[in-house]
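# Chains, contacts and geometry: an overview
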Amino acid sequence: MEFKEKIKIRRQELGLTLDDVAMRVGVRAATVSRWESGEIKNIRRDKIKLLADALQVSPAYLMDWDDSSPSQDQFLEEFRNAPHEVIVIGRAAKKMTPEQRKKLIEMAKLYFDDEELFK
């Protein structure tokens, strides 16, 4: 899979908009769109790291230095020691559409004061 496809597919899997990614990387949404279309091919290293963080993948994955793809099971792995309810929600989230996941996160935000948990 090409760099441009990895970005777009992963962004959509996470339910992020172009603006969401752009804000996290420190660029304009048009720039993210141009990355996704393949119009911009050379990306600065610092932006690759920020983009990888925003998409919750490694820079190695984005740049084909590593051929393993982000696994949805990684989501569950992070919660291995979490309460049973969190694991059940994690399993359900794997089956949700990006829009449903986005709504779930929005609902969860209502119960937490710390916005840093969702970045």
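Throughout what follows, the structure given in this document is the object of discussion. Each chain carries its own residue numbering, running from 1 in the direction its sequence is written. Thresholds applied to this predicted model are a pLDDT of at least 70 for local features of residues and 80 or more for the giving and counting of side-chain atom pairs; totals over whole chains, interfaces and linings are not thresholded and use all residues. Calculation of side-chain values draws on the structure's entire complement of heavy atoms; hydrogens and water are dropped beforehand.

Next up on the list: the environment of Ser37. Helix and strand assignments come from DSSP, with helices taken as H or I runs of at least 4 residues and strands as E runs of at least 2, each series counted from the N terminus. The residue Ser37 is located in helix 3 (residues 29–37) in this model. Summary of the burial criterion: residues with accessible area below 20% of their type's maximum are buried, those above 50% are exposed, and those between are partly exposed, where the area comes from a 1.4 Å probe applied to protein chains only. Ser37 sits in the partly exposed class, given a relative accessible area of 43%. Measuring from C-alpha to C-alpha, the distance between Ser37 and Glu5 comes to 8.2 Å, with 32 residues separating the pair along the chain. We define a polar contact as two N or O atoms separated by no more than 3.5 Å, with the added condition that, inside protein, one atom must be a possible hydrogen donor and the other a possible acceptor, whereas residues neighbouring each other in sequence contribute only through side-chain atom pairs. A polar side-chain atom of Ser37 sits 3.1 Å from the main-chain carbonyl oxygen of Arg34.

Before going further, it helps to examine the layout of surface pockets. The volume enclosed by the second largest pocket comes to roughly 180 Å³. In this analysis the probe radius is 1.4 Å and the grid spacing 1 Å, with only protein atoms considered; a cavity is a set of points the probe fits into but cannot get out of, a pocket is an open set with protein on both sides within 12 Å along at least five of seven lines, and lining residues have an atom within 4 Å of a point. Lining of the second largest pocket is provided by Glu2, Phe3, Lys4, Trp35, Gly38, Ile40, Lys41, Asn42, Ile43, Ile48 and Met63. Tallied by class, the residues present in the lining of the second largest pocket amount to six nonpolar, two polar and three charged. Grid points are joined across faces, edges and corners, and a volume is the space filled by probe spheres set on the points. Residue polarity follows a fixed list, in which Ala, Val, Leu, Ile, Met, Phe, Trp, Tyr, Cys and Pro are nonpolar, Asp, Glu, Lys and Arg are charged, and the others, Gly among them, are polar.

With respect to the element layout, Phe3 can be found in helix 1 (residues 3–13). Separated by 59 residues in sequence, Phe3 and Leu62 place their C-alpha atoms 5.8 Å apart. Contact definition: two residues touch when any of their heavy atoms are within 4.5 Å. If we skip the residues at most four places from it in the chain, Phe3 touches Ile43, Leu51, Leu62 and Met63.

On their own, these measurements won't tell you what the molecule is for.
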